[in-house]
Amino acid sequence: MRRVVLLHGLWMPGASMQWFASKLSVAGFAPEIFSYHSVADGPDTAVPRLVELLAAAPADIVAHSLGGLIALQALHEAPELRVQRVVCLGSPLTGSGAATGMLRWAPAAAMLGRSAALLQHGVDRWTGGAEVGVIAGCVPHGLGALLAGFDGDHDGTVAVAETRLPGLADHVVIEASHSGLLFSTDAVDQAAAFLRSGHFQH
């Protein structure tokens, strides 16, 4: 079975990925959940720990929100890792308008902690060896819209446009909110399809 490492998003525990992991297991994958402290530690601590975990054996990655940024940062810093495919669920890869909005208000900015810069600026065009696919949601349930003032489709926290990083292997939009991506059968089916073939079901 193919090893799949799952990463959670901001303010979430590793257990938030448990439902998704269980569905991937039923689909024939071998999931492992990687937990990290998104506010207190952020990418400076999470990235090297993730690199160490991924170096142990070949793996694919499924990552929600901030987790997708952490994953791509790890692969950028350690391109030798044997990671074939990465699925990002609602990850603001080009930078988060909601995070930028929070940073304008000091009490809210503190809630982003050490992940603030990565969330605000995102990552560069993807040129790494792994194939990266993004599943974006378009059900606008969440408070992010109040902070970001989205123009187009969004999942309540992240705009669909913020998930469209140049260099992606594939991109698909499904009916789900930002947190709903973690409990969407459609998201699981799309993730499994990409992990197997490098393409979503369009």
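Residues numbered from 1 in each chain as written. Predicted model: local features only at pLDDT ≥ 70, side-chain atom pairs only at ≥ 80, totals over all residues. Heavy atoms only, no water.

Asker: Provide a residue-level description of the environment of Leu 118, including the pertinent values.
Answerer: With respect to the helices and strands, the residue Leu 118 is situated in helix 6 (residues 116–121). Excluding its chain neighbours within four sequence positions, the residues that come into contact with Leu 118 are Pro 43, Leu 66, Leu 69, Ile 70, Gln 73 and Val 123. (Helix = DSSP H or I, 4+ residues; strand = E, 2+ residues; numbered from the N terminus. Contact = heavy atoms within 4.5 Å.)

Asker: Account for the pattern of salt bridges, with residues named and values stated.
Answerer: Enumeration according to the criterion identifies three salt bridges in this entry. As a salt-bridge pair, Arg 2 and Asp 60 come within 2.4 Å of each other at their nearest N and O atoms. Residue Arg 2 is located in strand 1 (residues 2–7), and its partner Asp 60 is located in strand 3 (residues 59–64); the two are separated by 58 residues in the primary sequence. In this structure, Arg 3 and Glu 32 form a salt bridge, with 2.7 Å as the shortest nitrogen-oxygen distance. (Salt bridge = Lys/Arg side-chain N within 4 Å of Asp/Glu carboxyl O.)

Asker: An account of the pairing of strand 1 is requested, with residue identities and associated values reported.
Answerer: Of all six residues in strand 1, five are buried, a share of seventy percent or more. By the bridge criterion, six bridges tie strand 1 to strand 2 (residues 29–34) in an arrangement that is parallel. When the sheet's bridge partners are listed, Leu 6 is paired in strand 2 with Ile 33. A crossover connection joins strand 1 to the parallel strand 2 through helix 1 (residues 18–26); in handedness this β-α-β unit is right-handed. Strand direction decides the pairing type here: strand 1 and strand 3, joined by four bridges, are parallel. Bridge assignment links Val 4 to a residue of strand 3, and that residue is Asp 60. (Buried < 20%, exposed > 50% of the residue type's maximum accessible area, 1.4 Å probe, protein only. Pairing = 2+ DSSP bridges. Right-handed = clockwise from strand over helix to strand, strands pointing away.)

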